[in-house]
Amino acid sequence: MSNIRTITIEERERQQDCSRRVRDWYAARFPDSVPLACVRTYGCQQNVADSERLKGMLAGMGFGFTEKAEAADLILFNTCAVREHAEDRVFGNVGALKNLKRRRPSLVVGLCGCMVQQEHVTEKLRKSYPFVDLVFGTHVLHRLPELLERVVRGNGRVFERPVEDGVIAEGLPVRRDGGFKAFLPIMYGCNNFCTYCVVPYVRGRERSRDPGLIVEEARGLIAEGVRDITLLGQNVNSYGRGEAHGVDFPTLLRRINALEGDFLIRFMTSHPKDATPALFETIAECEKVSRHFHLPFQSGSSRVLRRMNRGYTREQYLGLIETARRLVPDIAFTSDVIVGFPGETRGDFEQTLDLIRQVEFVSLYTFLFSPRRGTPAATMEDPVPAQEKAAWFQEMTALQETIAAQRLAGMVGQRRRALIESEDDGYLEARLPENIVIRTQGDASAVGHYATVEITGARSWILSGRLVTIEA
Ligand code: SAM
Ligand code: SF4
């Protein structure tokens, strides 16, 4: 049995009371204008989904939204901790607000999300960024109204970073940016503790949402006109593990697939150690589930995978790809890979190159290892110089570009069904289920519709094509 705590109705009502008081406070202080919030999101899709909830709560407090920091009454950074580079960018961008805050003391500057769930970050903000008013971690996102009320009422700087694990906040208002595309979180946290990764420390233990609520949310999105739903979790394959309801990920996919409507179901991320033949059989049988599978391998060397605590070998990963291709012949794989993990040798790296050649991914998210404080890998011996790792990185991206270009060139002449996502200057961008973009000529009225496109040309990461038919 899990020890998940879903926030209570009383707690939700308490936040709604705070929300009303914040709205009244701004209305009394600035009667002639609507307060504006500028919410900046860093990192992964989970953060994008969290920001949609933050914006939903802010809209409930009477806020409008702006992209311009100079125009905002509240600037909120929803941060990422996965790599050092992401953290440096946030510190740089927050530092740049110092003068703005000096000119306009009523401006509220806030930070939330994964980065500030780390104690050393909150200490740095406390000491070196005195103009930051509001800092709150991942487990108290739903308490934004209460925390903001404390700031605007002049109760000083607010830092809230409890290690309150196992919380699920249902019923938060959502303000989506996506139109016909939507993210739907199905679970939070991670139990895997890959030795390089900070996520389990900043997001807490794995906890799954109630399947009935997820299906209802999907139904609501489809009714709103959403045509492309991405189910989110750090490891969706372990959805429902340890829960009394007994619904696992394949069962959840089948339930969403059974909903009426013309829509595509995507999901991310899958962990190879928990991907089963039953999952691939489900994909094969569910016509609305995307044939795109994001399956991070991280390294092609079993020795490195063991040191990463990934729970599978190179051979098991390749075996999984083979099983998937047998059960779902048109499946397309994308993946994540880390170069320069501590102790990785040239021989290990060559196994990574070899795996990339064997699998022929449609695209790869490539990362240079970034030591994260508190993770085991941060203290492992790391003898390979940064310059050499950078050269390996280049070698790997060049290989992937060649593979992707060959794959895409092989698609020329095909007719495919794709969702038209955007229009710019007479050109449309349509996306295939495997996440490849096709550029065609056409007008904006086609956006949000499925279309048949004939593929006429290819570059390494994008196709060009001709519109054949647009569906109603
Ligand atoms: N849960 C997902 C999984 O296991 O595949 C991904 C989560 S993580 C936010 C996204 C990617 O960031 C990982 O797949 C990994 O490739 C990369 N990553 C995580 N920690 C990293 C680190 N310390 N240095 C470099 N890349 C890292
Ligand atoms: Fe990080 Fe591994 Fe969990 Fe993914 S599965 S979030 S890489 S610890």
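Residues numbered from 1 in each chain as written. Chains lettered and ligands numbered in written order. Predicted model: local features only at pLDDT ≥ 70, side-chain atom pairs only at ≥ 80, totals over all residues. Heavy atoms only, no water.

Undergrad: Run through the overall build of the protein chain, naming residues and quoting values.
TA: For the protein chain, the helix and strand inventory stands at 14 helices and 21 strands. Each principal axis of the C-alpha distribution contributes one length, and for the protein chain these read about 65 × 60 × 50 Å. Residues classed as buried in the protein chain amount to 53% of the 472 residues present. Taking as baseline every contact in the protein chain between residues at least 6 positions apart, the subset at least 24 positions apart corresponds to 74%. Surface exposure of the protein chain reaches about 20,500 Å², of which carbon and sulfur atoms provide 49%. Side chains of the protein chain give 62 positive and 61 negative charges; the mean places of these two sets differ by 4 Å. (Helix = DSSP H or I, 4+ residues; strand = E, 2+ residues; numbered from the N terminus. Buried < 20%, exposed > 50% of the residue type's maximum accessible area, 1.4 Å probe, protein only. Contact = heavy atoms within 4.5 Å. Areas by Shrake-Rupley, 256 points an atom, 1.4 Å probe, with all protein chains shown as cover. Lys, Arg positive; Asp, Glu negative; His and termini not counted. Charge placed at Lys NZ, Arg CZ, Asp CG, Glu CD.)

Undergrad: Tell me about the sheet that holds strand β17 (residues 415-424), and please be specific about residues and values.
TA: Pairing is mixed in the closed barrel, where 5 strands are placed in the order β17-β18-β19-β21-β20. The sheet shows a mean angle of 50 degrees between the axes of neighbouring strands, taken without regard to direction. (Pairing = 2+ DSSP bridges. Axes fitted to C-alpha atoms, helices over the stretch in contact; angles between N-to-C directions.)

Undergrad: Mind laying out the pattern of salt bridges, listing which residues take part and the relevant values?
TA: In the structure shown here, the tally under the stated rule is 36 salt bridges. A salt bridge links R143 to E146; its shortest N-O distance comes to 2.9 Å. Like R143, the residue E146 is buried in the burial classification. As a salt-bridge pair, R150 and E160 come within 3.5 Å of each other at their nearest N and O atoms. One end of the pair, R150, is in helix α6 (residues 144-152); the other, E160, is in strand β7 (residues 158-160), and 10 residues separate them in sequence. Since its relative accessible area comes to 28%, R150 is described here as partly exposed. (Salt bridge = Lys/Arg side-chain N within 4 Å of Asp/Glu carboxyl O.)

Undergrad: With reference to specific residues and values, describe the environment of E322.
TA: Residue position: E322 is located in helix α12 (residues 314-327). Judged by relative accessible area, which is 61%, E322 ranks as exposed.

Undergrad: Lay out the site of ligand 1 in plain terms, naming residues and giving numbers.
TA: Ligand 1 sits among 15 residues. The nearest are Y196, Q234, Q298, D336 and S370. A distance of 2.8 Å separates a nitrogen atom of ligand 1 from a polar atom in the side chain of Q234. At a separation of 2.8 Å, a nitrogen atom of ligand 1 approaches a polar backbone atom of S370. Here ligand 1, which alone exposes 560 Å², has 91% of that area covered by the protein. Contributions of two or more residues to the shell around ligand 1 are made by β15 (332-339) and β16 (363-368). Considering only residue class, the shell around ligand 1 consists of 7 nonpolar, 4 polar and 4 charged. (Near = heavy atom within 4 Å. Polar contact = N/O pair within 3.5 Å; in protein donor to acceptor, adjacent residues only side chain to side chain. Nonpolar A, V, L, I, M, F, W, Y, C, P; charged D, E, K, R; others polar.)

Undergrad: Please provide a residue-by-residue account of the nonpolar core, values included.
TA: Judged by nonpolar contacts, the single largest core of 68 residues is most densely connected at L231, F249 and I256. Excluding anything up to four places from it in sequence, F249 contacts I186, L231, V236, N237, Y239, F267 and L279. Core analysis: the second largest hydrophobic core is formed by 29 residues, F77, A81, V94 and M115 among them. (Core = buried A, V, L, I, M, F, W, Y, C linked by side-chain atoms within 4.5 Å.)

Undergrad: Explain unusual backbone geometry to me, using residue names and the numbers behind them.
TA: Following M268, the chain continues into T269 via a peptide bond in cis, with omega recorded as 10 degrees. Looking at where T269 falls in the secondary structure, it is placed in the loop between β13 (264-268) and α10 (277-285). We note that F193 has phi near 50 degrees; this positive angle belongs to a residue other than glycine. Tracing the sequence through the fold places F193 in the loop between β10 (187-188) and α7 (199-203). Among the residues examined, F193 registers a relative accessible area of 31% and is labelled partly exposed.

Undergrad: Would you mind going over the sheet that holds strand β9 (residues 181-185) in detail, with residue names and values included?
TA: Pairing within the open sheet is parallel, and its 3 strands lie in the order β9-β12-β13. A strand with exactly one partner marks an edge of an open sheet, and here the two such strands are β9 and β13. Between one strand axis and the next, the sheet turns by 25 degrees as a mean value, whatever way the strands run. One ladder, built from 5 bridges, connects strand β12 (residues 228-232) with β13; its direction is parallel. By the bridge assignment, I229 is partnered in β13 with I265.

Undergrad: Mind laying out empty space enclosed by the protein, listing which residues take part and the relevant values?
TA: In the structure shown here, the tally under the stated rule is 2 cavities of 30 Å³ or more. The calculated volume of the largest cavity comes to roughly 220 Å³. Around the largest cavity, the lining comprises 14 residues; the ones closest to its centre are D50, T138, L141, A169 and Y188. Those elements that provide at least two residues to the lining of the largest cavity are α2 (45-60) and β8 (167-168). Split by residue class, the lining of the largest cavity holds 6 nonpolar, 4 polar and 4 charged. Estimates place the volume of the second largest cavity at around 40 Å³. Q46, M187, Y188, G189, R203, G233 and Q234 together form the lining of the second largest cavity. Partitioned by chemical class, the residues of the lining of the second largest cavity number 2 nonpolar, 4 polar and 1 charged. (1 Å grid on protein atoms, 1.4 Å probe; cavity = no way out; pocket = protein on both sides within 12 Å on 5 of 7 lines; lining within 4 Å. Points joined across faces, edges and corners; volume = space filled by probe spheres on them.)

Any functional reading would require information that these geometric values do not contain.
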